[in-house]
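In case you want the letters, here they are:
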Amino acid sequence: MTCYEEILKMTREREPLVQCITNFVTVNDCANIILAAGGTPAMSHVKEEAAEAVQKADALVCNMGAIEDTEAMILAGKEANRLGIPVILDPVAAGGTSLRRTTAKQLLEEVHFAVIRGNASEIRSLAGENVTGRGVDVSALDAVTEEKLPEAVKTVELLARRLKSVIAVSGKTDIVSDGDRTVLIRNGCATMSRITGSGCMVTSLIGVFCGASPKRPFEAAAAGLAVMGIAGETAESLRLSKGTGNATFRNDLIDAVFNFTENQLTEEIKIEVYRE
Amino acid sequence: MTCYEEILKMTREREPLVQCITNFVTVNDCANIILAAGGTPAMSHVKEEAAEAVQKADALVCNMGAIEDTEAMILAGKEANRLGIPVILDPVAAGGTSLRRTTAKQLLEEVHFAVIRGNASEIRSLAGENVTGRGVDVSALDAVTEEKLPEAVKTVELLARRLKSVIAVSGKTDIVSDGDRTVLIRNGCATMSRITGSGCMVTSLIGVFCGASPKRPFEAAAAGLAVMGIAGETAESLRLSKGTGNATFRNDLIDAVFNFTENQLTEEIKIEVYRE
Amino acid sequence: MTCYEEILKMTREREPLVQCITNFVTVNDCANIILAAGGTPAMSHVKEEAAEAVQKADALVCNMGAIEDTEAMILAGKEANRLGIPVILDPVAAGGTSLRRTTAKQLLEEVHFAVIRGNASEIRSLAGENVTGRGVDVSALDAVTEEKLPEAVKTVELLARRLKSVIAVSGKTDIVSDGDRTVLIRNGCATMSRITGSGCMVTSLIGVFCGASPKRPFEAAAAGLAVMGIAGETAESLRLSKGTGNATFRNDLIDAVFNFTENQLTEEIKIEVYRE
């Protein structure tokens, strides 16, 4: 059994409680994908109970789409740090506005994140590079092509070392690094960028897997990206055979996570060790 | 025609307007299940118009998942009480944090609820018992087994008498009591706990049925639990035959409410009179 | 190629970024229908970044369902006006409460809207007429029947001239007018009023099309209503053949927008020129 299969198995045994402070656009999808994976979602986002609520959680997800709840993220994040509960950051549209640049900086200063999962524009922005992101999507200029891969990996590895966090970049080629080890994952499909919430959902999955296996954030992040990518491939194949569109694709993707087998992960993961 | 069939028939004739002050996680599902049942949803949650908006409503649903809107619930609830419009409470995660314990207490003091629908942990918390709930789900310790049923019914009946409310506990065996009469309903399926919003949706259904038949909150609560449970059974049978997961299950469940027949309720309800 | 086909073609080429300040009930559906149409959604609703965020957008949608975000709408709307970015208003439940009447008035005073899309009750309220709307739905009294059509068109044309906006009324017969030109569109189906968000979604589509073709708001509004209506017809035909309900209908409708062809628009649009 690979470490990824083990994480899936432990998720189903432990049913980790994942506290999410997340945005109103995709909150329902995030809760349902957590349930699909075998976790238990808790979506309270009010600062008055943030620190108390996180005490029962196995992981905390802070999604910067809920930028109005930054204070709740900091309160819950500090308490989670104190208790050794892994905290996962989704820096939604981090470089998009000055408010988001400031907020991202503040979150990184106040809270230690076990994993940070973003697209290439968001991660480049956290690394202090100039980005060209438009809205919540990666820009064409920032997208990681095969040609730009070595440079992108370098940025990710440096950021991982500086923040002592696992950095996970999702895109056509996903990059996961803790600064020492780096893997690339090449699962997924184009329709994932035609639904809202692909990014938020994969971060939620990483939250579930970190909750199940808190000592292995690197493996949990890789497992999250792989399960999401493979589920996307399953849903894409259904979309093409049924002639459906992005709404049904979203449901099929969550269904694919619900029906995911440990065996399937080992058989379908397209993972490459970049640095051991 | 049974009283439950009558309530369904009246719902479709009257298209009751149900004002919901509810949480952002499941608000879309709640609106769609109200429409599926034949009602009309209104989801405004701002305190500045809460009391005025409820004046046109046939029922008001207060969902404590929207804990930031407690003031709107109280304003709307008091106005609904004044006008004789039934108010339904969903005490989401009532015992989960000190904020929620305080809020639940305040709501019960300020507003009279025709029906309160929660899981066993939430209802036990309202009854002043120590609970072990984790997040929004019932805890294994609080869940109502056949063995614990007499004790659970006693708690429900006492609370119903004390609050002069119909108390509805959903779970594997649902309990509905107004303090004098008590029924048990045994419809439903396991996948209902693998989607977010099962609880919020059944409370919304009870809201629709109370709006259609405001003088019969006991029967409306039982009808809501029965329709939800039977719709869950329909969706579960589709899930098993299609090999789908929890996302499609959610849609099939709402669809099943949309296509519900009065006849189906009488044929498929598994109801037992516990105390007449 | 008709102007409507052109707008569809340009949408897919330009992938317009549509900033939406919209309500929490249907925000996920709005984002997904924008993606289905070929646009890119950005759903930030906080006033602290509203004006900055809109600078990158091709269109701004202000949905009065998010009545708590009126200030953000005004800040973003003024900036969009300054930059020549089209702004679209959805006056949700405009006549429903005094708060909404005041808010609608304020929005119309502070921001110029390229297009305003509402139901007959909402548009009548903006025109200063007494309305009988209940919640977010058009009232039976306000609904535009064939008999009342001439009077309704007159109201729409006068309002369009007064506000220098394209006014789009959706209903069994849709009316679109810029004050000089008026068209009627008769696509759609009854089940569209059995899901939440039909109105919000068609306004989002109009936003995408305005973003793709900012100089032609009249044609963009008509294209939005036509695409939504035809997609509704496709979904209705699937619902009847599959025996599904309103939840699957919602997904099929968004899927139909995803799979929409330029050719289909020309073949299936039921449009009538009322005034050239």
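Residues numbered from 1 in each chain as written. Chains lettered and ligands numbered in written order. Predicted model: local features only at pLDDT ≥ 70, side-chain atom pairs only at ≥ 80, totals over all residues. Heavy atoms only, no water.

Quick notes on the overall build of chain A
Thought 1: On a plain count of helices and strands, chain A comes out with 11 helices and nine strands.
Thought 2: Relative to a compact globule of 276 residues, whose C-alpha radius of gyration would be 19 Å, chain A shows 17 Å and is just as compact.
Thought 3: Projected onto the principal axes, the alpha-carbon positions of chain A cover approximately 45 × 40 × 35 Å.
Thought 4: In chain A, which comprises 276 residues, the proportion classed as buried is 64%.
Thought 5: Pairs at least 24 apart in sequence give 72% of the contacts found in chain A among residues at least 6 apart.
Thought 6: For chain A, the accessible surface area stands at approximately 9800 Å², while carbon and sulfur atoms represent 52% of it.
Thought 7: For chain A, the separation between the mean place of its 29 positive charges and that of its 37 negative charges on side chains is 4 Å. (Helix = DSSP H or I, 4+ residues; strand = E, 2+ residues; numbered from the N terminus. Rg over C-alpha atoms; globule rule 2.2 N^0.38 Å. Buried < 20%, exposed > 50% of the residue type's maximum accessible area, 1.4 Å probe, protein only. Contact = heavy atoms within 4.5 Å. Areas by Shrake-Rupley, 256 points an atom, 1.4 Å probe, with all protein chains shown as cover. Lys, Arg positive; Asp, Glu negative; His and termini not counted. Charge placed at Lys NZ, Arg CZ, Asp CG, Glu CD.)

Comments concerning the relation of the copies chain C and chain B
Thought 1: Between chain C and chain B, which share one sequence, the superposing operator has a rotation angle of 120 degrees and an axial displacement of 0.0 Å; the RMSD is 0.0 Å. Expressed as a symmetry operation, the mapping of one chain copy onto the other fits a three-fold axis. For chain C, the smallest separation between a C-alpha atom and the rotation axis is recorded for F24 of chain C, amounting to 3.6 Å.
Thought 2: Interface overlap between copies is the fraction of interface residues in one copy that are interface residues in the other; for chain C against chain B it is only 6%, indicating separate surfaces. (Least-squares fit on C-alpha atoms with pLDDT ≥ 70 in both.)

Quick look at the interface of chain C and chain B
Thought 1: Contacts between chain C and chain B engage 31 residues on the former and 30 residues on the latter.
Thought 2: Of the roughly 2500 Å² buried at the junction of chain C and chain B (both faces included), carbon and sulfur atoms supply 49%.
Thought 3: The residue E49 of chain B makes a salt bridge to R100 of chain C at a minimum N-O spacing of 2.6 Å.
Thought 4: The interface formed by chain C and chain B holds 18 residue pairs in polar contact (both at pLDDT 80 or more) in total.
Thought 5: Sort the elements by how many residues they give to the side of chain C that touches chain B and helix 10 (residues 246-258) of chain C lands first, with five residues. (Buried area = accessible area lost by both parts, 1.4 Å probe. Salt bridge = Lys/Arg side-chain N within 4 Å of Asp/Glu carboxyl O. Polar contact = N/O pair within 3.5 Å; in protein donor to acceptor, adjacent residues only side chain to side chain.)

Quick look at helix 8 (residues 198-212) of chain C
Thought 1: Under the 1.5 Å per step criterion, the end-to-end length of helix 8 of chain C is 21 Å for 15 residues, consistent within 8% with the ideal 21 Å.
Thought 2: With 14 of 15 residues buried, helix 8 of chain C lies mostly within the body of the structure. (Expected span 1.5 Å × (residues − 1).)

Comments concerning the pattern of salt bridges
Thought 1: Taken as a whole and assessed by the stated rule, the structure comprises 63 salt bridges over all chains.
Thought 2: The salt bridge partner of R124 of chain A is D142 of chain A, with a shortest N-O separation of 2.7 Å. Remark: D142 of chain A occurs in the loop between helix 6 (120-126) and helix 7 (149-163) and R124 of chain A occurs in helix 6; sequence separation between them is 18 residues.
Thought 3: The exposure class of D142 of chain A is buried, given its relative accessible area of 4%.
Thought 4: With its nearest N and O atoms 4.0 Å apart, the salt bridge here joins E157 of chain C to R161 of chain C. Here E157 of chain C and its partner R161 of chain C are both found in helix 7 (residues 149-163), four residues apart, which amounts to about one turn of the helix.
Thought 5: Judged by its relative accessible area of 4%, E157 of chain C falls in the buried class.

Points about the state of the cysteines
Thought 1: Overall, the coordinates contain zero disulfides over all chains when judged by the stated rule.
Thought 2: Free cysteine: C30 of chain A, not disulfide-bonded; nearest cysteine sulfur from C200 of chain A at 5.0 Å. (Disulfide = S-S within 2.5 Å.)

What to know about unusual backbone geometry
Thought 1: One non-glycine residue with positive phi stands out, namely A93 of chain A, at about 55 degrees.
Thought 2: In this structure, A93 of chain A sits in the loop between strand 4 (87-90) and helix 5 (98-110).
Thought 3: For K164 of chain B, which is not a glycine, the phi torsion comes out positive at approximately 50 degrees.
Thought 4: Note on placement: K164 of chain B falls in the loop between helix 7 (149-163) and strand 6 (166-169).

Points about the sheet that holds strand 8 (residues 182-185) of chain A
All names here are of chain A.
Thought 1: The sheet built from nine strands is open, its strands ordered 2-1-3-4-5-6-7-8-9 with mixed pairing. Each edge of the open sheet carries a strand with a single partner, namely strand 2 (40-42) and strand 9 (271-275). Averaged over all adjacent pairs, the angle separating strand axes in this sheet is 20 degrees, with direction ignored.
Thought 2: As defined by bridge partners, strand 6 (residues 166-169) adjoins strand 7 (residues 174-177) across three bridges and the pair is classed as antiparallel. Bridging across to strand 7, A168 finds its partner in V176.
Thought 3: Against the sheet, helix 2 (residues 27-37) makes contact with strand 1 (17-21) and strand 2, and its axis sits at roughly 155 degrees relative to strand 2, the strand it touches most. (Pairing = 2+ DSSP bridges. Axes fitted to C-alpha atoms, helices over the stretch in contact; angles between N-to-C directions.)

A closer look at the sheet that holds strand 5 (residues 115-118) of chain C
Residue and element names in this part refer to chain C.
Thought 1: What the nine strands build is an open sheet, ordered 2-1-3-4-5-6-7-8-9; its pairing is mixed. Taken across any chain shown, the strands that pair with only one partner, and hence form the sheet edges, are strand 2 (40-42) and strand 9 (271-275). On average, each strand axis in the sheet is tilted by 20 degrees relative to the strand beside it, whichever way the strands run.

Quick look at the environment of E110 of chain B
Residue and element names in this part refer to chain B.
Thought 1: Inspection of the secondary structure puts E110 in helix 5 (residues 98-110).
Thought 2: When its relative accessible area of 32% is taken as the criterion, E110 is described as partly exposed.
Thought 3: It is 9.3 Å that separates the C-alpha atoms of E110 and L75, two residues lying 35 residues apart in sequence.
Thought 4: Setting aside anything within four residues of it in sequence, one finds E110 in contact with I74, K78 and N81.
Thought 5: Among the polar contacts made by the side chain of E110, one reaches the side chain of K78 at a distance of 3.0 Å.

Observations regarding the relation of the copies chain A and chain B
Thought 1: For the pair chain A and chain B, the best superposition has an RMSD of 0.0 Å and corresponds to a rotation of 120 degrees with a translation of 0.0 Å parallel to the axis.
Thought 2: The share of interface residues of chain A whose copies in chain B are also at the interface is only 7%, consistent with the copies meeting through different surfaces.

Looking at the interface of chain A and chain B
Thought 1: Taken together, the contacts link 30 residues of chain A with 31 residues of chain B.
Thought 2: Taken together, the two surfaces of chain A and chain B that pack against each other cover about 2400 Å², and 49% of this comes from carbon and sulfur.
Thought 3: Counting residues per element, the ones that place at least two in the side of chain A that touches chain B are helix 2, strand 2, helix 3 (47-54) and helix 10 (246-258) of chain A.
Thought 4: Among the elements that take part in the side of chain A that touches chain B, helix 2 of chain A stands out by supplying six residues, more than any other.
Thought 5: Of the residues belonging to the side of chain A that touches chain B, the class tally is 12 nonpolar, 10 polar and eight charged. (Nonpolar A, V, L, I, M, F, W, Y, C, P; charged D, E, K, R; others polar.)

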